[in-house]
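Residue strings, one per chain:
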Amino acid sequence: MASTFTPLHDRILVRRLEEGETLRGGIIIPDSAKEKPQQGTVVSVGKGKSNDEGKVFPLDVKAGDTVLFGKYSGTEIKLDGEDFLIMREEEVLGILK
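Below you will find a few notes about this structure. If you're wondering where the values come from, they're calculated on a predicted model, not measured in any experiment. Residue numbering note: each chain is counted from 1, following its sequence as written. Local features in this predicted model are restricted to residues of pLDDT 70 or higher, and side-chain atom pairs are both shown and tallied only at a pLDDT of 80 or more, whereas totals for entire chains, interfaces and linings draw on every residue. The side-chain quantities take in all heavy atoms of the structure and omit both hydrogens and water.

**Here we look at the nonpolar core**
No. 1: Only buried residues count toward a nonpolar core, which is a set of Ala, Val, Leu, Ile, Met, Phe, Trp, Tyr and Cys residues joined through side-chain atoms within 4.5 Å. The buried label goes to any residue with under 20% of its type's maximum accessible area, the exposed label to any with over 50%, and the partly exposed label to all in between, with areas taken from a 1.4 Å probe on protein chains only. Membership of the largest hydrophobic core is limited to 10 residues, which are Ile-12, Val-14, Val-42, Leu-59, Val-61, Val-67, Phe-69, Leu-85, Met-87 and Val-92.
No. 2: At the level of secondary structure, the elements contributing two or more residues to this core comprise β1 (11–16), β7 (66–69) and β9 (82–88). Strands are runs of DSSP state E lasting at least two residues, helices are runs of H or I lasting at least four, and both sets are numbered from the N terminus onward.

Next up, the structure:
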């Protein structure tokens, strides 16, 4: 189960939000031609970023937040047959409420 995975330091684990099937002019666009969504739900977060003195600064995002990120952000990984993104908190553009 993906909930047992805990990212290190300032990294977060994100599940992309799935978009519905898109129809344009009556043509069904195949999955290979669709752009991947740039929104996702945070599944788990690391402890935070630490400075040279060892002080840890907690992350602004938390598990359950819906976030917006760049098109080429993060690294795609597969856990238990499900696709996820692992990225640094600084790659997140914002939190959707």
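**So, the sheet that holds strand β10 (residues 92–96)**
No. 1: A strand pair is defined by DSSP finding two or more bridges across the two strands. A sheet is described by the order of its strands in space; here 6 strands give the open sequence β8-β9-β1-β4-β7-β10, paired in antiparallel fashion. Both outer strands of the open sheet, β8 (75–79) and β10, are each paired with one neighbouring strand and no more. Strand-to-strand twist of the sheet, defined as the mean angle between neighbouring strand axes without regard to direction, takes the value 45 degrees.
No. 2: When β7 meets β10, the two strands line up antiparallel, connected through 4 bridges. Note on β10: the bridge partner recorded for Val-67 is Ile-95. Under this scheme, a helix contributes an axis fitted over its contacting stretch, all axes are lines through C-alpha atoms, and angles between N-to-C directions fall in the 0 to 180 degree range.

**Notes on the pairing of β1**
Look at any regular strand and the pattern is simple: side chains alternate between the two faces of the sheet.
No. 1: Relative to β9, β1 runs antiparallel, the two being bridged by 4 bridges. Each residue of the ladder has a partner; that of Leu-13, found in β9, is Ile-86.
No. 2: Direction of pairing for β1 relative to strand β4 (residues 39–45): antiparallel, over a ladder of 5 bridges. Bridge pairing links Leu-13 to Ser-44 in β4.

**A closer look at the pattern of salt bridges**
No. 1: Salt bridge criterion: a side-chain nitrogen from Lys or Arg within 4 Å of a carboxyl oxygen from Asp or Glu. For the coordinates displayed, the defined rule picks out 6 salt bridges.
No. 2: Between Arg-15 and Glu-82 there is a salt bridge, with the nearest N and O atoms lying 2.6 Å from each other. Of this pair, Arg-15 sits in strand β1 while Glu-82 is found in strand β9, placing the two residues 67 residues apart along the sequence.
No. 3: Across the pair Glu-76 and Arg-16 runs a salt bridge, and its minimum N-O distance is 3.5 Å. Note that Glu-76 is positioned in strand β8 and Arg-16 in strand β1, a separation of 60 residues in sequence.

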